[in-house]
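These are the residues of each chain, in order.
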Amino acid sequence: MKKAASLLLGASVLAGSLAGCSTGNPAGEDSTSKNGTTTIEFWAAPNPPQQAYWKETAKAFEKDHPKIKIKVSPIKESPTSEASIQSAIAGKEAPTMSENINRGFAAQLAESKAIEPLNKMKGYDDILKSRSMTDTIKGWKFADGNQYVLPIYSNAMLFGWRLDILKKLGYNEPPKTYSEVLDVTKKLKAKYPDKYLWAKPDLADPTAWKRWFDFFMLYDAASGGNKFIEGNKLVADDKAGVDVLNFMDNIRKEKGILTKQSKDPFETGLGIFTDIGPWTLQYWAEKFPEMKYNKTFAFSTPPVPDGTDTKNVSTFADTKGLVIYSSAPENEKKAAMEFIKWVYSKPENDVKWMEKTNLPPARDDLATNDAFKEIYEKNPALKPYAEAIPNAVPSIDNAKYNELQTYIGQYAVNPVVKGEVQPKKGWEKMKEAIEGDLK
């Protein structure tokens, strides 16, 4: 998943050709066939389980709606799915709708008026209510007040802890505050000098997407979900940002960070703390069966500064959703909304999604709805992810998200963990670079 994320940030290839282009049939032109059937093109993520889900779901929908046909096909990945979508828009071959859209890429598309503001379409409020996603959707609102993406899944990122090693240090559960984490680090280094709190080469790498899985997790928690950048304005919480960098610096001072390459550092116990997404559970079941939930490892929301509420802690959401393209004729847009309303009118469809893809649906009630009870009974490690969804914050809504997130690593995170800059100085240099690019 995270390897794929690096490909998701190369989407600026054809961005310039989007502005002002008119694609497909003119908006409002009816594309209904002679027999009264409307056909919509739906591009699914280039992931076989997701494609299978949407094809099955489309067939079930068509049985109830014989006048609407849905053609499901995968988004081309060459060179990236984003570039393929942009190329289709520029070539006037965009689909009616697609999934696999993150908030940053949606900002590019919205800036070029290539996607519809869903909140202005009939049936939108019904979808939010029937799917129980009123809280989850709040973090997706764009700077102009619109909602351009309906989140499908939300991987509310959690930190994994080697519980077996924590217990040897006198801790029966993961620490919750910065001072507690530093105490764990000191005890770890005293008892196991060759182990590290955080063994992660990405901490020294400026690649933009890597900040989702370290800086933003900690920052969202420290700031209570501050958006960092809203539209074209830096709205970052200075205290929270400096607190995060000081936290990283203090771990470094205790020799608790390893940025050298190592094979499976968390699984081998070289490091005892790292970001974990729910997709990792299936990988562990196949490759590391000794990793047992609440025995070998445990999950926690990100640690927070001392004195901060340790309940309802925010974290980063690795999440994507659906969009409807502006170039589609009006009857196709209406048909697309009918399809979305039908899919999310009952939790059973989200249960099938979760069973087939292992991606948590973006629902406020995912942890409490009895429809998902059997899933948690089979895999209780998924429950903490479900509980974190209402407090999970999606990526920034700026078309330059690739460049802006690179500055976070380049000027702040990377030099701080290397001991090359003081946290406050690094934060100021990062802000200067971001604000300069936002002008």
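Our structure is the block above this text.
Criteria and thresholds
Residues numbered from 1 in each chain as written. Predicted model: local features only at pLDDT ≥ 70, side-chain atom pairs only at ≥ 80, totals over all residues. Heavy atoms only, no water. Helix = DSSP H or I, 4+ residues; strand = E, 2+ residues; numbered from the N terminus. Rg over C-alpha atoms; globule rule 2.2 N^0.38 Å. Buried < 20%, exposed > 50% of the residue type's maximum accessible area, 1.4 Å probe, protein only. Contact = heavy atoms within 4.5 Å. Lys, Arg positive; Asp, Glu negative; His and termini not counted. Charge placed at Lys NZ, Arg CZ, Asp CG, Glu CD. Salt bridge = Lys/Arg side-chain N within 4 Å of Asp/Glu carboxyl O. Expected span 1.5 Å × (residues − 1). Arc of directions from axis to C-beta. Axes fitted to C-alpha atoms, helices over the stretch in contact; angles between N-to-C directions. Parallel < 35°, antiparallel > 145°, perpendicular 65-115°, else oblique. Left-handed = near helix turned anticlockwise from the far one by under 90°. Nonpolar A, V, L, I, M, F, W, Y, C, P; charged D, E, K, R; others polar. Core = buried A, V, L, I, M, F, W, Y, C linked by side-chain atoms within 4.5 Å. Pairing = 2+ DSSP bridges. Right-handed = clockwise from strand over helix to strand, strands pointing away.

A. How the structure looks around the overall build of the protein. Looking only at helices and strands, the protein has 17 helices and 13 strands in total. For 439 residues, the compact-globule formula gives about 22 Å, and the C-alpha radius of gyration of the protein, at 22 Å, lands near that figure. In terms of overall dimensions, the protein has C-alpha extents of about 75 × 50 × 35 Å along its principal axes. For the protein, buried positions account for 57% of its 439 residues. For the protein, long-range pairs separated by at least 24 residues make up 76% of all intrachain contacts whose partners lie at least 6 apart in sequence. Across the protein, the 61 positively charged side chains and the 58 negatively charged ones have centroids separated by 2 Å.

B. Looking closely at the pattern of salt bridges. Within the structure shown, the criterion is met by 25 salt bridges. With a shortest N-O distance of 3.1 Å, K400 and D437 are connected by a salt bridge. Residue K400 is found in the loop between β13 (392–393) and α16 (401–417), and its partner D437 is found in helix α17 (residues 423–438); the two are separated by 37 residues along the sequence. Exposure remark for K400: the relative accessible area of 34% places this residue in the partly exposed category. A relative accessible area of 18% means that D437 is categorised as buried.

C. Examining helix α2 (residues 48–64) more closely. For α2, spanning 17 residues, the distance from its first C-alpha to its last is 25 Å, which sits close to the expected 24 Å at 1.5 Å a residue. Looking at α2, one finds that the buried residues are Q50, Q51, Y53, W54, T57, A58, F61 and E62. Summarising the axial view, the buried residues of α2 lie within an arc of 160°, below the 170-degree limit, and thus occupy one face. Seen from the open side of α2, the exposed residues pointing more than 90 degrees away from its buried face are P48, K59 and K63.

D. Spotlight on the packing of helix α7 (residues 178–191) against helix α9 (residues 238–253). Relative to each other, α7 and α9 sit at 10°, their axes nearing to 10 Å. With respect to α9, the element α7 is oriented roughly parallel. When the axes of α7 and α9 are compared, the crossing they make is right-handed. Contacts between α7 and α9 involve Y178, V181 and L182 from the former and D243, V244, F247, N250 and I251 from the latter. Of the residues belonging to the contact of α7 with α9, the class tally is six nonpolar, one polar and one charged.

E. How the structure looks around the nonpolar core. Ranked by internal contacts, the top residues of the largest apolar core, which has 107 residues, are W54, L150, F228, M248 and I434. Considering every element that reaches this core, the biggest residue donor is α16, with eight residues. Sequence-distant contacts of L150, that is, excluding residues within four places in its chain, are made with L118, Y124, I127, L128, M133, G321, L322, I340 and Y344. Core analysis: the second largest hydrophobic core is formed by 25 residues, I276, F288, M291 and A381 among them.

F. How the structure looks around the pairing of strand β11 (residues 297–300). Where burial is concerned, the two faces of β11 agree: the one with F297 and F299 and the one with A298 and S300 are both buried. One ladder, built from four bridges, connects strand β5 (residues 158–162) with β11; its direction is antiparallel. Counterpart to G160 in the pairing with β11 is F299.

G. Structural context of the pairing of strand β1 (residues 38–44). Within β1, five of the seven residues are buried, leaving the element largely enclosed by the surrounding structure. Pairing geometry for β1 and strand β2 (residues 68–74), over seven bridges, is parallel. Among the inter-strand pairings, W43 is bridged to a residue of β2, identified as S73. For the crossover that starts at β1, traverses α2 and ends in the parallel β2, the hand is right-handed.

H. Inspection of the packing of α9 against α17 at higher detail. Between α9 and α17, the shortest axis-to-axis distance is 9 Å and the interhelical angle comes to 130°. Taken together, the axis directions place α9 and α17 in an arrangement best described as oblique. Crossing geometry of α9 relative to α17 is assigned as right-handed. When α9 is examined against α17, the residues D238, G241, V242, L245, N246 and D249 are found in contact with a partner set consisting of P423, K424, W427 and K431.

I. Summary view of unusual backbone geometry. Going from S78 to P79, the amide bond is cis rather than trans, its omega being 0°. As for its placement among the helices and strands, P79 is situated in the loop between β2 and α3 (81–90). With phi around 60°, K113 is a residue other than glycine that occupies positive phi space. Within the secondary structure layout, K113 lies in the loop between α4 (103–111) and α5 (124–131). Residue K113 is classed as exposed on the basis of its relative accessible area of 67%.

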